[in-house]
Amino acid sequence: MTGLVEPYTPRSSSPPHARPATGAQPLLDVRNLSLSFTTAQGALPVTRNVSFSIAPGERVGLVGESGCGKTVTGLSLLRLLPTHSARIQGDVLFDGTDLLKLSPRRMRAVRGRDIAMIFQEPMSALDPVFTVGDQISEAYRIHFPASKAEGRERAIAALREVGIPAPERRCDEYPHQLSGGMRQRVMIAMALICKPKLLIADEPTTALDVTVQAQITDLLRSLSERTGTALIFITHDLGVVAETCTRMITMYAGEVVEDAPVDDVLTRPRHPYTSGLLRSLPGLSKRRGVLSSIPGRVPSPQAMPGGCRFRSRCAHAAPGCEQEQRMIALAQDHAARCWRAPELELPGAVN
Ligand SMILES: Nc1ncnc2c1ncn2[C@@H]1O[C@H](COP(=O)(O)OP(=O)(O)O)[C@@H](O)[C@H]1O
Ligand code: SF4
Ligand SMILES: [Mg+2]
C-alpha cells in the first residue's frame, strides 16, 4: 500500500505519515501528485495529492466514474499533457528517479522503453500510412540499435506473442485492414516490444465488443504474468479489475479515496464510494440480488465542494464530513479517505 496515510487512532490528531514500510523499493512511487490546468479563469485544479505506489510486476486497477481524473493521472505520470497549460506538482519516483525532474530528452527515453501506455482507441495511436510491422519495429528501433531486418523479426515475434495469427503476413498489413481487437493487440505488441517495466492501459477494452474485451483483458494479465511488466489498468469496469488485478485504487473527484488488495475491497470496501461502485456492478452483485446506483454525479473541477468531495452523494454523511478528509490506514495494505471508515459496515460485491 502506499500513499501518504494517517494511521487510524480514534480522534487522532497526528499528522499523516509516509506509507508503512513494505520492504522492497516500489517500482513507482507517486507522492502528492496534483494537476491543474491554466484556463482563462485562472488555475483549475483537477487532481489533488494523488499518492500511491506500485511494486515491480504488480497489477493495479485505477477505477472511478468518468471525470474522476484517471486519464489525466496516467498522462501526468508520463508527462504527456500539454506543457503550456498543465501544471504538475509532486513526485513521480520511478525506480528511484523523479520523472517530473527529468529533461525532456531523458523523459522521451523513458517513454516507450521503461513505461508504455495504451489507450481506448488504438486507431488514434496508429499511423494509417505505415504497416503495423513497420510501426512496431520503429517503436523498438527508437530505443535500441537494430537493423530493419532485425526490427521486422522482432515485430513478427511480438505479433505472435499477442496472439495474432499468421504474423508474417499481418506484419505487412495496414491498420485499417485489421479489426478493432486486432488493432488493440498491435498496440499491446508495440507497447511491450521494449519490455517496459510498467504498462499503463487506459480503458483498453472499452471500445471493443464484449467477447473481444475478455480476450484483451486475459492477454494483458497473462503477458504481465509472463514478462513481469507491472500494469496500471485504468477502467470504469470493476469486473475487469477483479479478473486482472491484485490491487485496486479508487479515485473520486480528482483524489484517491481507497487503496486496497482486490480480494479485500470486493468483500469489504471501506469507502462509501467504492461500496457504491461495487453495488452498481451487475456481474459481481447479482448473487446478492441487489443492484443500486449512486445518486447524483461527480462534481466538476469548476464546482468542487469543500470537505469530503463525496458528501452530497453519500448515504453515510454526518457532521464532521464537511472537514477535509485524509487517507486513513484501516488494515495492512488498506486505506480509505473517510473518517467514518473504521466504524462503517459497507456492502461489497461478494459475500
Ligand atoms: N485539457 C484539459 N483542460 C481542462 N480540464 C481537463 C482537461 N483534460 C481533462 N480535464 C478535466 O479533468 C477531469 C478529469 O478528467 P479525466 O482524467 O479524463 O477523467 P477520467 O479518465 O477519470 O474519466 C475532468 O473533469 C475533465 O473535464
Ligand atoms: S467522509 Fe462522510 S461524506 Fe465522505 S465518504 Fe465518509 S461518511 Fe461519506
Ligand atoms: Mg479516462
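To keep things clear, this report deals only with the structure shown in the data block. Here the residue numbering is sequential within each chain, running from 1 through the sequence in written order. All chains are assigned letters beginning at A, and all ligands numbers beginning at 1, according to the order in which they are written. For a predicted model such as this one, the threshold for reporting local features is a pLDDT of at least 70, and the threshold for listing and counting side-chain atom pairs is 80 or more; totals across whole chains, interfaces and linings nevertheless cover every residue. Side-chain descriptors were evaluated using all non-hydrogen atoms of the structure, hydrogens and water having been removed beforehand.

**As for the packing of helix α4 (residues 132-141) against helix α7 (residues 180-192)**
For any two helices packed against each other, one specifies the inter-axial angle together with the distance between the axes. One way to put it is that α4 packs onto α7 with a least axis distance of 8 Å and a crossing angle of 25°. Classified by the angle their axes make, α4 and α7 are roughly parallel. Helix-helix and strand crossings are classified by hand; for α4 and α7 the assignment is right-handed. For the pair α4 and α7, contact is made by V132, Q135, I136 and A139 and by V186, A189 and M190, respectively. Its residues assigned to classes, the contact of α4 with α7 shows six nonpolar, one polar and no charged. A fitted line through C-alpha atoms represents every axis, and for helices the fit uses only the stretch in contact; the resulting angles, taken between N-to-C directions, go from 0 to 180 degrees. Helical segments are the DSSP runs of H or I of at least four residues, strand segments are the runs of E of at least two, and each set is numbered from the N terminus. Note that the term roughly parallel is reserved for angles under 35 degrees, roughly antiparallel for angles over 145, roughly perpendicular for angles of 65 to 115, and oblique for everything else. A crossing counts as left-handed when the near helix is turned anticlockwise from the far one by less than a right angle, and as right-handed when that turn is clockwise. Contacts were defined at the residue level, with two residues in contact if any of their heavy atoms lie within 4.5 Å. Polarity classes work like this: nonpolar for Ala, Val, Leu, Ile, Met, Phe, Trp, Tyr, Cys and Pro, charged for Asp, Glu, Lys and Arg, and polar for all others, with Gly in that last group.

**A closer look at the site of ligand 1**
If even one non-hydrogen atom of a residue comes within 4 Å of a molecule or strand, that residue is called near it. Ligand 1 sits among F37, V46, E65, S66, G67, C68, G69, K70, T71, V72 and P301. Residues adjacent in sequence count toward polar contacts only when both atoms are side-chain atoms; beyond that, a polar contact is any pair of N or O atoms within 3.5 Å, and within protein one must be able to donate a hydrogen and the other to accept it. Between ligand 1 and G67 there is a distance of 2.7 Å, counted from an oxygen atom to a backbone nitrogen or oxygen. One of the backbone nitrogen or oxygen atoms of C68 is found 3.2 Å away from an oxygen atom of ligand 1. Against a free-state accessible area of 570 Å², the protein chains account for coverage of 64% of ligand 1. By residue class, the composition of the shell around ligand 1 is five nonpolar, four polar and two charged. Where accessible areas are quoted, they stem from the Shrake-Rupley method and a 1.4 Å probe; at the residue level, only the protein chains shown are allowed to cover.

**Examining the environment of E138**
Turning to its location among the elements, E138 is positioned in helix α4. Burial classes follow relative accessibility: with a 1.4 Å probe on protein chains only, a residue under 20% of its type's maximum area counts as buried, one over 50% as exposed, and anything between as partly exposed. Residue E138 is classed as partly exposed on the basis of its relative accessible area, which comes to 39%.

**Thoughts on the packing of α7 against helix α8 (residues 210-227)**
Here α7 crosses α8 at 15°, and the two axes come no closer than 10 Å. Regarding the angle of α7 to α8, the classification is roughly parallel. Of the two elements, α7 crosses α8, and the hand of that crossing is right-handed. The segment α7 lies against α8, with G181, Q184, R185, I188 and L192 engaging V212, Q215, I216, L219, L220 and L223.

**Things to note about the packing of aromatic side chains**
Each pair of aromatic rings is reported with the distance of its centres and the angle of its planes. Note on aromatic contacts: the rings of Phe and Tyr and the six-membered ring of Trp form a pair at centre separations within 6.5 Å, being stacked when their planes are under 30 degrees apart, edge-to-face when over 60 apart, and tilted otherwise. Counted according to the given criterion, the structure contains four aromatic pairs. Residues Y252 and F310 carry aromatic rings whose centres are separated by 5.1 Å and whose planes lie at 80° to one another, so their mutual orientation is edge-to-face. Here Y252 is found in strand β11 (residues 247-252), whereas its partner F310 is found in the loop between α12 (282-285) and β13 (328-331), with 58 residues between them in sequence. For the pair Y252 and F310, one class covers both residues: buried.

**Here we look at the pairing of strand β9 (residues 198-202)**
Among the five residues of β9, five are classified as buried, and the element is accordingly described as predominantly covered. The pairing of strand β8 (residues 115-118) with β9 spans four bridges and is classified as parallel. Counterpart to A116 in the pairing with β9 is L199. Two strands pair under a simple rule: DSSP has to find at least two bridges between them. Strand direction decides the pairing type here: β9 and strand β10 (residues 230-235), joined by five bridges, are parallel. Bridge pairing in β10 places L198 opposite A230. Running through α8, the crossover from β9 to the neighbouring parallel element β10 is right-handed. Consider the strands pointing away from the viewer: the crossover is right-handed when the path from the first strand over the helix to the second runs clockwise.

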